[in-house]
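In case you want the letters, here they are:
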Amino acid sequence: MAPSSDPSPRPAATSPSERLTAVEIIAAILSVAWLAGAAVYFIVLAPGPESAGRALHFVTVLIAVFMPVAMLWVGATAARASRTMREESARLRAAIDAIREAYIAQNTSLGATVDKTVAQKLDEIVAAQRKTETALATFSSVRVEEPPRPVHPAPPAPDPSSGQVVLPLGTPAEETAPPLDREDFIRALNFPESPEDKAGFNALRRALKDRPTAQLVRAAQDVLTLLAQDGIYMDDMRPDMARPEIWRRFAAGERGRAVAALGGIRDRSSLALTAARMKQDAIFRDAAHHFLRLFDRMVSDFAETATDAEISDLSETRTARAFMLLGRVSGTFA
């Protein structure tokens, strides 16, 4: 038979003298005294019975002698049983208390370890996911100093005697900016990596001077901010990158299965959260469709003159990943 797993210590075996209690000793003394008294009475003092009532007399003697003794020992046995049950109850209660204390101590130590580990993992995830939003927030709140514009002398006043009329000119030449460089354009769509990314902020500042690019950048920033509210960050996305020719097909107007490789986002939780947000949030849905239209227009213009390497660089930006996610949810690549 397998040994018991009871955590409480078992009492040592007791000798016969230790098993006798005060109740049993008193019952034994009373029994002996009763038997002695009954023997003296019925043998010495009681008159002898007649032959006719001898049998009944014998039964009466037995009952009178042994009934009290039996009652005494019934009481003694009940008292012993009661004491035994109290001892067993006390041992059981002590064992239950010990088990409860061990369980609480184990759960406390385990819970503290799990909480510490989970908190550490969450801190690491949050630190990685806030990377993009920190850059966006920094760009929104930090004012980038622009170089001072040259001060041009005022044109001379016209000579009234010459009869010439001063006509209003169009946009001054100093206000016209050169076309945006493709490298700056791609860097701006990826947004600055950190508050210390000076090259990223400079590229973003130059991109915001170009009106079509500024519209796309602001639309992408709105979408990224709304996605971040659901814990969806583009830095966590690892999409299957499509070949440049797939992007060129999309820029040429092809849709459906021909460009399905552009929807390379496989994160099921991000897809499910974005799909639910598209159905339930009208503001998010409008912002997403506005962003998709602007990105579609941009790709059509960009693919006409961009090289395959530049298209690949564009597809790896945060803006392009947001387009892949929203395009797949909205059915653009279905």
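This section reports on the structure supplied with the text. (Residues numbered from 1 in each chain as written. Predicted model: local features only at pLDDT ≥ 70, side-chain atom pairs only at ≥ 80, totals over all residues. Heavy atoms only, no water.)

1. Let's talk about the overall build of the protein
Spelled out, the test is: By the criteria applied, helices consist of DSSP H or I runs no shorter than four residues and strands consist of E runs no shorter than two, each listed in order from the N terminus. Exposure classes here rest on a 1.4 Å probe applied to the protein chains alone. A residue is buried below 20% of its type maximum, exposed above 50%, and partly exposed in between. Should any heavy atoms of two residues lie within 4.5 Å, those residues are counted as being in contact. Note on areas: Shrake-Rupley, 1.4 Å probe, and residue coverage restricted to the protein chains presented here.
Looking only at helices and strands, the protein has eleven helices and zero strands in total. Evaluated residue by residue, the protein yields a buried proportion of 29% over its 334 residues. For the protein, the proportion of contacts with a sequence separation of at least 24, taken over those separated by at least 6, is 78%. In the form shown here, the protein has an accessible surface area of approximately 22,400 Å², with 61% of it arising from carbon and sulfur atoms.

2. Quick look at the packing of helix α6 (residues 211–229) against helix α9 (residues 282–305)
Put simply, the rule reads: Axes, fitted as lines to C-alpha atoms, cover a helix only where it is in contact. Angles between the N-to-C directions of the axes lie from 0 to 180 degrees. Here is the rule for angles: anything less than 35 degrees is roughly parallel, anything more than 145 is roughly antiparallel, 65 through 115 is roughly perpendicular, and the remaining ranges are oblique. In this scheme the handedness of a crossing depends on how the near helix is turned from the far one: anticlockwise by less than a right angle means left-handed, clockwise means right-handed.
The interhelical angle for the contact between α6 and α9, taken along N-to-C directions, is 140°, at an axis separation of 9 Å. Comparing their axes, α9 and α6 come out oblique. For the element pair α6 and α9, the recorded crossing hand is left-handed. Residue-level contacts link Gln 215, Leu 216, Ala 219, Ala 220, Val 223, Leu 226 and Leu 227 of α6 to Phe 284, Ala 287, Ala 288, His 290, Phe 291, Leu 294, Phe 295 and Met 298 of α9.

3. Quick word on helix α4 (residues 182–190)
We apply this condition: Any pair of nitrogen or oxygen atoms within 3.5 Å is treated as a polar contact; in protein, a donor-acceptor pairing is required on top of that, and neighbouring residues in sequence qualify only through side-chain atoms on both sides.
Those residues of α4 that sit buried are Asp 184, Phe 185, Ile 186, Ala 188, Leu 189 and Asn 190. On its buried face, α4 is in contact with α5 (198–208), α6, α9, α10 (308–315) and α11 (318–330). Sitting at the amino-terminal end of α4 is Asp 181, which places a side-chain oxygen 3.0 Å from the backbone nitrogen of Glu 183. Directly after α4, the chain includes Phe 191, whose backbone phi takes a positive value near 65°.

4. Considering the packing of α6 against α11
Defined as follows: For this classification, Asp, Glu, Lys and Arg are treated as charged, while Ala, Val, Leu, Ile, Met, Phe, Trp, Tyr, Cys and Pro are nonpolar and the rest, including Gly, are polar.
Running from N to C, α6 and α11 point in directions that differ by 65°, and their axes come no closer than 10 Å. The angle between α6 and α11 places the two elements in the roughly perpendicular class. Viewed along their axes, α6 and α11 form a crossing whose handedness is left-handed. Between α6 and α11, the residues in contact are Ala 220, Val 223, Leu 224 and Leu 227 and Arg 318, Thr 319, Ala 322, Leu 325 and Leu 326, respectively. Its residues assigned to classes, the contact of α6 with α11 shows seven nonpolar, one polar and one charged.

5. A look at the packing of aromatic side chains
Let me state the cut-off plainly: Two rings from Phe, Tyr or Trp (for Trp, the six-membered ring) form a pair when their centres sit within 6.5 Å of each other. Planes less than 30 degrees apart are called stacked, planes more than 60 degrees apart edge-to-face, and all others tilted.
Counting across every chain of the model gives six aromatic pairs. Between Phe 250 and Phe 323, the aromatic rings sit 5.4 Å apart at their centres with planes inclined by 65°, giving edge-to-face as the arrangement. Highlighted residues: Phe 250 in helix α7 (residues 244–251) and Phe 323 in helix α11, separated in sequence by 73 residues. Exposure class is identical for Phe 250 and Phe 323. Each is buried. Ring geometry for Phe 291 versus Phe 295: centroids 5.9 Å apart, planes at 45°, classification tilted. Residue Phe 291 and its partner Phe 295 are both found in helix α9; the two are separated by four residues, about one turn of the helix.

6. Considering the pattern of salt bridges
Stated formally: Here, a salt bridge means any side-chain nitrogen of Lys or Arg that lies within 4 Å of a carboxyl oxygen of Asp or Glu.
By the definition in use, this model includes 13 salt bridges. Notably, a salt bridge pairs Glu 183 with Arg 187, separated by 3.8 Å at the nearest N-O pair. Here Arg 187 and Glu 183 lie together in helix α4, a separation of four residues that amounts to about one turn. On the accessibility criterion, Glu 183 (52% relative accessible area) is exposed. Here the residues in one salt-bridge network are Glu 193, Asp 235 and Arg 318, joined through shared partners.

7. A few points about the nonpolar core
We count it as follows: By convention a nonpolar core is built from buried Ala, Val, Leu, Ile, Met, Phe, Trp, Tyr and Cys residues, the set being connected through side-chain atoms within 4.5 Å.
Core analysis: the largest hydrophobic core is formed by 49 residues, its most contacted members being Trp 247, Phe 291, Phe 295 and Met 298. At the level of secondary structure, the elements contributing two or more residues to this core comprise α4, α5, α6, α7, α8 (268–280), α9, α10 and α11. With sequence-adjacent residues up to four places away left out, Phe 295 is seen in contact with Leu 216, Trp 247, Thr 319, Ala 320 and Phe 323.

8. Thoughts on the side chain of Ser 270
Structurally, the position occupied by Ser 270 is in helix α8. Ser 270 gets classed as buried once you look at its relative accessible area, which sits at 5%.

9. Observations concerning a nonpolar patch on the surface
Let me state the cut-off plainly: Grouping into patches uses exposed residues only, defined as over 30% relative accessible area, and leaves out salt-bridged ones; the cut-off is 9 Å for like charges and 5 Å for nonpolar side chains (Val, Leu, Ile, Met, Phe, Trp, Tyr).
Taken together, Trp 34, Leu 35, Leu 62 and Phe 66 make up a surface patch of nonpolar side chains, about 360 Å² in accessible area. What makes Leu 35 partly exposed here is its relative accessible area of 33%.

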